[in-house]
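Here's the letter readout for the chains.
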Amino acid sequence: MGFFDKLKLSRLKEGLTKTRESIRENISRITQGRTDIDEAFLEELENILIAADVGVETTLSIVDRITEKAEKETYHSEDELNGMLMQVMEEMLLDTPESHPVDFDAVLPAKPYVILIVGVNGVGKTTSIAKLAHNYNKAGKRVIIAAADTFRAAAVQQLQIWADRAGVPMVSQGQNADPASVVFDAVSSAVAKNADVVLVDTAGRLHNKAHLMEELAKIMRVAKKKVPDAPHEVLLVLDGTTGQNAVSQAKEFTKCVNVTGLIVTKLDGTAKGGIVLSISRELELPVKYIGVGEKIDDLQIFDRGKFVGALLGK
């Protein structure tokens, strides 16, 4: 593992400190000196996982899988038991399809590669866009941001500040402009300038689903005028601190748009990072990126093995 990989792993562990303290200490308590699994162990594990906002359905699924493994295997040490717990938790998390690369330096399947970013206001959508732009830019890709959230006051100005920090250009028409027109200009510019990636900010309104669906559909239609297979991805941003409310939000958005992956933010600010397990399993969607801090480098590619290891203190 190189220096930068170690640094990222350190930031991941640091960002998940609150959740790890919540889960790891309690799991250590129930696994200490234990080599077998009984009803008392399973009941205590249920309580620990639910307290970490893993969710009832996902917790029960984890417990069922552990019970199934315990009937076929024996454990000779606390480490073996912990290893089995990590394996089961990893199985809850979906891998991202190869058609949607996660590595910022990976060869993209289309150019420009158009990514719609959706999510309600306040979840960290704007900062996530800037962090994605920063990472793609750092990987040598030419990025354009489309400021298509023209409804929320100061949204365009806020995004411009972050675009400047990321060192990438932004296409905007100001507040109350037609979002689809902004996207058309941005995609047209990307085609003309041979840009690699277009990141599209969208409105965060969810109270009027019909209007949101109509707006997103229009954005997609105009993008296709310049790039027929756009958008290539729709990433939904969720706030990890909101726990099970994030799952409810995600379910509403997936009714409106074909979400291809998730960004879970603010995991450094919660002791309930277990929500990542619940979101991925219940929505049958891969978590692509996670936010573990406020700095522009604090958006990380999601690695399920490293994530579970960081949760359990490995």
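Going by the structure above, here's the rest.
Residues numbered from 1 in each chain as written. Predicted model: local features only at pLDDT ≥ 70, side-chain atom pairs only at ≥ 80, totals over all residues. Heavy atoms only, no water.

Caption draft 1: Representation of the overall build of the chain. Within the chain, the secondary structure is distributed over 12 helices and 8 strands. Computed over its C-alpha atoms, the radius of gyration of the chain comes to 21 Å, within 12% of the 20 Å expected for a compact globule of 314 residues. For the chain, the spread of C-alpha atoms along the principal axes amounts to about 65 × 45 × 30 Å. With 314 residues in all, the chain has 54% of them scored as buried. (Helix = DSSP H or I, 4+ residues; strand = E, 2+ residues; numbered from the N terminus. Rg over C-alpha atoms; globule rule 2.2 N^0.38 Å. Buried < 20%, exposed > 50% of the residue type's maximum accessible area, 1.4 Å probe, protein only.)

Caption draft 2: A look at the packing of aromatic side chains. Applying the stated criterion across every chain yields a total of 3 aromatic pairs. Note on Phe104 and Tyr136: the rings are 4.9 Å apart at their centroids and 90° apart in plane angle, and the pair reads as edge-to-face. In this pair, Phe104 sits in the loop between helix H5 (78-91) and strand E1 (113-118) while Tyr136 sits in helix H6 (residues 125-138), placing the two residues 32 residues apart along the sequence. With respect to burial, Phe104 and Tyr136 carry one shared label: buried. Ring centres of Phe104 and Tyr289 lie 5.3 Å apart, and the angle between their planes is 15°; this geometry places the pair in the stacked category. You can see Phe104 sitting in the loop between H5 and E1 and its partner Tyr289 sitting in strand E7 (residues 287-291), a full 185 residues away along the chain. An aromatic cluster is defined as three or more aromatic residues linked by ring pairs; in this entry it consists of Phe104, Tyr136 and Tyr289. Arg165 extends its terminal NZ or CZ atom over the ring of Trp162, reaching a point 4.5 Å from the ring centre. (Phe/Tyr/Trp six-rings, centres within 6.5 Å; stacked < 30°, edge-to-face > 60°. Lys NZ or Arg CZ within 6 Å of the ring centre and 35° of its normal.)

Caption draft 3: Structural view of the side chain of Asp53. The residue Asp53 is located in the loop between helix H3 (39-51) and helix H4 (56-72) in this model. What Asp53 contacts, discounting residues up to four positions off in sequence, is Gly243, Gln244, Lys272, Gly274, Ile275 and Ser278. (Contact = heavy atoms within 4.5 Å.)

Caption draft 4: Inspection of the sheet that holds E1 at higher detail. Ordered in space as E3-E2-E4-E1-E5-E6-E7-E8, the 8 strands form an open sheet in which the pairing is mixed. For this open sheet the edge positions go to strand E3 (170-171) and strand E8 (299-301), each flanked by a neighbour on one side alone. Here 2 bridges tie strand E2 (residues 143-147) to E3, and the two strands are oriented parallel to one another. Residue pairing in the sheet places Ile145 in a bridge with Met170 of E3. (Pairing = 2+ DSSP bridges.)

Caption draft 5: Seen up close, the pairing of E7. Of all 5 residues making up E7, 5 are buried, and the element is well covered by its neighbours. Relative to E7, strand E6 (residues 261-265) runs parallel, the two sharing 3 bridges. Across the sheet, Leu262 pairs through a bridge with Val287, a residue of E7. As defined by bridge partners, E7 adjoins E8 across 3 bridges and the pair is classed as antiparallel. Along E8, the bridge assignment pairs Tyr289 with Ile301.

Caption draft 6: Up close: the pattern of salt bridges. The tally for this structure, following the rule as stated, stands at 13 salt bridges. The salt bridge partner of Lys125 is Asp201, with a shortest N-O separation of 2.8 Å. Here Lys125 is found in helix H6, whereas its partner Asp201 is found in strand E4 (residues 197-201), with 76 residues between them in sequence. Owing to a relative accessible area of 5%, Lys125 belongs among the buried residues under this scheme. Notably, a salt bridge pairs Asp178 with Lys218, separated by 3.3 Å at the nearest N-O pair. Taken as a pair, Asp178 in the loop between E3 and helix H8 (179-192) and Lys218 in helix H9 (residues 209-226) lie far apart in primary sequence, 40 residues in all. (Salt bridge = Lys/Arg side-chain N within 4 Å of Asp/Glu carboxyl O.)

Caption draft 7: Representation of helix H12 (residues 304-311) in the model. For H12, the full list of buried residues reads Phe307, Val308, Gly309, Ala310 and Leu311. Where H12 begins, one side-chain oxygen reaches toward the backbone nitrogen of Gly305, 3.0 Å away; that side chain belongs to Asp303. (Polar contact = N/O pair within 3.5 Å; in protein donor to acceptor, adjacent residues only side chain to side chain.)

Caption draft 8: Structural detail: the environment of Val120. For Val120, the location among the structural elements is in the loop between E1 and H6. Taking the C-alpha atoms as reference, Val120 lies 13 Å from Gly240; in sequence the two are 120 residues apart.

Caption draft 9: Just helix H2 (residues 17-31), in detail. Here H2 is 15 residues long and its end C-alpha atoms lie 20 Å apart, about the 21 Å a rise of 1.5 Å per residue gives. Within the span of H2, buried status applies to Thr19, Arg20, Ile23, Ile27, Ile30 and Thr31. Summarising the axial view, the buried residues of H2 lie within an arc of 125°, below the 170-degree limit, and thus occupy one face. In the stretch just after H2, Gly33 is the one whose phi turns positive, near 70°. (Expected span 1.5 Å × (residues − 1). Arc of directions from axis to C-beta.)

It is worth stressing that arrangement in space is one thing and function is another; only the former is reported here.
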